[in-house]
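The residues making up each chain are set out below.
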Amino acid sequence: MNLPLFARRLLRPLLDPYRRYRHAKLIHAVRVSIGLLATILLTTGINLPHGEWASVTMLIVIGGLQHHGNIGKKAVERAYGTLIGASVGLALVVQQAWLGQPLLTYLLMSVVCGFFSYHAIGKGGYIALLSAITVFIVAGHGDNPISDGLWRTVDILIGIVLALAFSFALPLYAVYSWRYNLASALRDCAAIYSRIINGQSVTDDEHLKLLNRLNAAMVQLRSLMPSVSKEVRISMTELDAIQRHLRMCISTLEILGNTRPSPQDEPAMARMRMMLKAEHRQIRVQLVGMARALKSGVTERLEREGNIAVAEPTLDTPIYSGLDGYRLLTLQLAANVDVMRSRLGQCAKRWNI
């Protein structure tokens, strides 16, 4: 975006991805408020009957969703559900006006909504549920005038269009949350690794707090992956591979914390630091480097290869002691971190938006 310098400085809080991530709730609240105001002014300005359904639709589509990838999917599902439900609702109104049998209308509505409820469990469930709801919005209990049903359908479609339009205003991409949460998780991994190699306690509150935060981050990152995949066209397979490397990193750190030499055994700790000095440095540098690249968007550091051959970590001699096992685990951690760096670098052009 080629903007004058003064304009870039003025708009920086809005254009900077990290600031938009930090203030996502505020931006979302303002966007929904302005969107609702727009639907009210539009429907009342042109005097549309039942215009409140446009506002209701706006809230349904974007009220509880801040990520752009989810909003698009929700709007499409809402559109399908509206068209299906409105068609069925109008058909019920027509047959009620033609036959004039309320009990038959009630029976048909119950059967139709039971059919939608059957399909509401599983894939496409949201469309089926919205279809059932829209039947009642359009038809009432079968006694709504046909004109009312048509107007309510139009209002719902207007709400969908406006919701999509406002989702493009300062879009809050799920990839922002994925990037910065992953960066925070990698920094926590680096902090835990530093505690382990420096002989700090792995059972105190600070260490356990870091582990709990990492476990929570894993869950949050997993929930963001479908939206990230839609937004930036990174396959779920690739995102799952990155998630798997993070999970392996956390698991290895937990094992390392329990297999390292006792901090009271100073000769063993000194030998460990001397034997794995290069690996210690590489692991910490790469963890922090990935975190910085994800946060800043400067991805050149992801293209630097590790200084240590980590393809197949092996021991020169059989494992005779816990220190040998610790060394093997450290080599495996270095290999895992390096592969994760490589994967992030390969898809950097897509997530760095």
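Quick note: structure is the one above.
Residues numbered from 1 in each chain as written. Predicted model: local features only at pLDDT ≥ 70, side-chain atom pairs only at ≥ 80, totals over all residues. Heavy atoms only, no water.

A word on the overall build of the protein chain. Looking only at helices and strands, the protein chain has 15 helices and zero strands in total. In the protein chain, which comprises 353 residues, the proportion classed as buried is 45%. Of the contacts made within the protein chain by residues no fewer than 6 positions apart, 76% connect residues no fewer than 24 positions apart. When the accessible area of the protein chain is evaluated, it comes to approximately 18600 Å², of which 61% is carbon and sulfur surface. (Helix = DSSP H or I, 4+ residues; strand = E, 2+ residues; numbered from the N terminus. Buried < 20%, exposed > 50% of the residue type's maximum accessible area, 1.4 Å probe, protein only. Contact = heavy atoms within 4.5 Å. Areas by Shrake-Rupley, 256 points an atom, 1.4 Å probe, with all protein chains shown as cover.)

With that out of the way, let us pick up the side chain of Thr 39. With respect to the helices and strands, Thr 39 occurs in helix H3 (residues 24–45). At a separation of 3.0 Å, a polar atom in the side chain of Thr 39 contacts the side chain of Ser 55. Among all residues touching Thr 39, those that are not within four sequence positions of it are Ala 54, Ser 55, Met 58 and Leu 162. (Polar contact = N/O pair within 3.5 Å; in protein donor to acceptor, adjacent residues only side chain to side chain.)

All right, on to a nonpolar patch on the surface then. A grouping of Trp 98, Leu 99, Leu 104, Leu 107, Leu 108 and Val 111 is seen on the molecular surface, where their side chains present a nonpolar patch of about 610 Å² in accessible area. Take the nonpolar patch: its biggest share by element is four residues, from helix H6 (residues 102–119). Within the secondary structure, Leu 108 sits in helix H6. Residue classification places Leu 108 among the partly exposed residues on the basis of a relative accessible area of 33%. (Patch = residues over 30% accessible without salt bridge, like charges linked within 9 Å, V, L, I, M, F, W, Y side chains within 5 Å. Salt bridge = Lys/Arg side-chain N within 4 Å of Asp/Glu carboxyl O.)

Applying the stated criterion to the full structure yields six salt bridges. Across the pair Asp 188 and Arg 213 runs a salt bridge whose closest N-O atoms are separated by 2.8 Å. Remark: Arg 213 occurs in helix H10 (residues 205–232) and Asp 188 occurs in helix H9 (residues 174–197); sequence separation between them is 25 residues. When its relative accessible area of 8% is taken as the criterion, Asp 188 is described as buried. Overall, the relative accessible area of 41% leaves Arg 213 in the partly exposed class. Between Glu 238 and Arg 343 there is a salt bridge; the shortest N-O distance is 3.0 Å.

This brings us to the nonpolar core. In terms of nonpolar packing, the biggest core is built from 52 residues, with Trp 178, Leu 182, Leu 186, Leu 246, Leu 287, Leu 344 and Trp 351 touching the most fellow members. Those elements giving two or more residues to this core turn out to be H9, H10, helix H11 (236–259), helix H13 (277–296), helix H14 (322–346) and helix H15 (348–351). Of all the elements, H9 adds the most residues to this core, at 15 residues. In contact with Leu 182, not counting residues within four places along its chain, are Leu 221, Ile 242, Leu 246, Leu 294, Met 340 and Leu 344. The next biggest cluster of nonpolar side chains, apart from the first, holds 14 residues, and it includes Met 58, Val 61, Ile 62 and Ala 75. (Core = buried A, V, L, I, M, F, W, Y, C linked by side-chain atoms within 4.5 Å.)

Attention now moves to helix H7 (residues 125–139). With 15 residues, H7 ought to run about 21 Å at 1.5 Å a step, and its terminal C-alpha atoms sit 21 Å apart, in line with that. For H7, every residue scored as buried is listed here: Gly 125, Ala 128, Leu 130, Ser 131, Ala 132, Thr 134, Val 135, Ile 137, Val 138 and Ala 139. Looking one or two residues beyond H7, the residue adopting positive phi is Gly 140, at roughly 60°. (Expected span 1.5 Å × (residues − 1).)

The next subject is unusual backbone geometry. Leaving glycine out, the prevailing phi sign among residues is negative, and the prevailing peptide bond configuration is trans. In this model, Asn 47 sits at a positive phi of 60°, which is unusual for a non-glycine residue. Tracing the chain through its elements places Asn 47 in the loop between H3 and helix H4 (52–63). When its relative accessible area of 64% is taken as the criterion, Asn 47 is described as exposed.

Attention now goes to the environment of Ala 91. Summarising the element assignment, Ala 91 is placed in helix H5 (residues 68–99). For the pair Ala 91 and Ile 146, spaced 55 residues apart in sequence, the C-alpha to C-alpha distance is 9.3 Å.

Here the focus is H10. Taking 1.5 Å of rise per residue, 28 residues should cover 40 Å, and H10 covers 38 Å from first to last C-alpha, within 8% of that figure. Of all the bends found along H10, the most pronounced is centred on Met 225 and spans about 40°, while Pro 226, a proline, follows it within four residues. Two residues or fewer past H10, Arg 233 is found with a positive phi of approximately 60°. (Bend = angle between axes of the 7 residues up to and from the residue.)

At a closest axis distance of 7 Å, the pairing of H6 and H7 adopts a crossing angle of 160°. Comparing their axes, H7 and H6 come out roughly antiparallel. Relative to H7, the crossing made by H6 is left-handed. Side by side, H6 and H7 meet where Met 109, Cys 113, Phe 116 and His 119 of the first sit next to Gly 125, Ala 128, Ser 131, Ala 132, Val 135, Phe 136 and Ala 139 of the second. Residues that form the contact of H6 with H7 fall into these classes: eight nonpolar, three polar and no charged. (Axes fitted to C-alpha atoms, helices over the stretch in contact; angles between N-to-C directions. Parallel < 35°, antiparallel > 145°, perpendicular 65-115°, else oblique. Left-handed = near helix turned anticlockwise from the far one by under 90°. Nonpolar A, V, L, I, M, F, W, Y, C, P; charged D, E, K, R; others polar.)

This brings us to the environment of Leu 246. Its place among the elements puts Leu 246 in helix H11. Along the sequence, Leu 246 and Met 218 sit 28 residues apart, while their C-alpha atoms lie 8.2 Å from each other. Ignoring anything within four residues of it in the chain, the contact list for Leu 246 reads Leu 182, Ala 185, Leu 186, Cys 189, Met 218, Leu 221 and Met 340.

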